[in-house]
Amino acid sequence: MHIRFDVPADPAYPGRVAAVLSGVRLRRFGLIGAVLAAVGALGTAVSWGFSWGERISSLWLVLLVGGLLSMLYAPWVRWRARRRSGSYAVEGGYDITDDNIMMRSGSESGGIAWDGVSEVRDTPEFWIVYVDRMPATVIPRRLMSAEDAETLRAFMAARGLLQPR
């Protein structure tokens, strides 16, 4: 297998990559925030029914506000990543073989050996490549030909790397 494709200098592309990679790491903040907000709202509602509830109502309010802020943290980080990464738009490319994934961006290049890849997750626009439990890079499907994308999908599935969405 030898797949080669270029990445144009699109100002929106680095922001999409940053949003996907940060979304993977920040998903737990939304879940924790939802639990905290639900506990805070429930506690506030229950404390209104008891005479001693006024003494601890500030605790429930703190949980509620903390949960809402935690839920808003991930979208805020993604927004900042998109806004800041627009200046990183440079031409690049990928060279994917049976042995490794080579990426180049501007004057820099790097690679990941397939032997070091622990899993690949499928998203609507990218394949997220993990080394151990950390997302290491993304492979943009929309910039590949349909035949190359299917060849790569079959290769990753044969190695047991591809995890469904």
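Residues numbered from 1 in each chain as written. Predicted model: local features only at pLDDT ≥ 70, side-chain atom pairs only at ≥ 80, totals over all residues. Heavy atoms only, no water.

(A) Main features of the nonpolar core. Counting residues in each nonpolar core, the largest one holds 27 residues, and the members touching the most others are Ile-96, Trp-114, Val-120, Trp-127, Ile-139, Leu-152 and Met-156. Here this core takes 5 residues from strand β6 (residues 126–131), the largest share from any one element. Dropping the residues within four chain positions of it, Ile-96 is found in contact with Met-1, His-2, Ile-3, Phe-5, Ile-101, Trp-114, Ile-139 and Leu-152. (Core = buried A, V, L, I, M, F, W, Y, C linked by side-chain atoms within 4.5 Å. Buried < 20%, exposed > 50% of the residue type's maximum accessible area, 1.4 Å probe, protein only. Helix = DSSP H or I, 4+ residues; strand = E, 2+ residues; numbered from the N terminus. Contact = heavy atoms within 4.5 Å.)

(B) Spotlight on unusual backbone geometry. Here the phi dihedral of Asp-132 falls at roughly 60°; this positive angle occurs in a residue that is not glycine. With respect to the secondary-structure elements, Asp-132 resides in the loop between β6 and β7 (134–140).

(C) Examining a nonpolar patch on the surface more closely. A surface patch of nonpolar side chains, amounting to about 430 Å² of accessible area, comprises Phe-29, Tyr-73, Trp-76 and Trp-79. Element by element, the count of residues in the nonpolar patch is highest for helix α2 (residues 53–85), at 3 residues. Considering the arrangement of structural elements, one finds Trp-76 in helix α2. (Patch = residues over 30% accessible without salt bridge, like charges linked within 9 Å, V, L, I, M, F, W, Y side chains within 5 Å. Areas by Shrake-Rupley, 256 points an atom, 1.4 Å probe, with all protein chains shown as cover. Salt bridge = Lys/Arg side-chain N within 4 Å of Asp/Glu carboxyl O.)

(D) Representation of the pattern of salt bridges in the model. Per the stated rule, a full pass over the model turns up 6 salt bridges. Residue Glu-119 pairs with Arg-121 through a salt bridge whose shortest N-O separation is 3.1 Å. Residue Asp-122 pairs with Arg-141 through a salt bridge whose shortest N-O separation is 2.6 Å. You can see Asp-122 sitting in strand β5 (residues 117–122) and its partner Arg-141 sitting in the loop between β7 and α3 (146–158), a full 19 residues away along the chain. When salt bridges that share partners are traced, they join Asp-122, Arg-141 and Arg-153 into one network.

(E) Seen up close, the packing of aromatic side chains. For the coordinates displayed, the defined rule picks out 4 aromatic pairs. When the centroid spacing of 5.2 Å and the interplanar angle of 70° are considered together, the rings of Trp-114 and Phe-155 count as edge-to-face. With Trp-114 in the loop between β4 (108–113) and β5 and Phe-155 in helix α3, the pair connects residues that are 41 residues apart, well separated along the chain. Of the residues examined, Trp-114 reaches a relative accessible area of 1% and is grouped as buried. Given the relative accessible area of 15%, Phe-155 is considered buried. (Phe/Tyr/Trp six-rings, centres within 6.5 Å; stacked < 30°, edge-to-face > 60°.)

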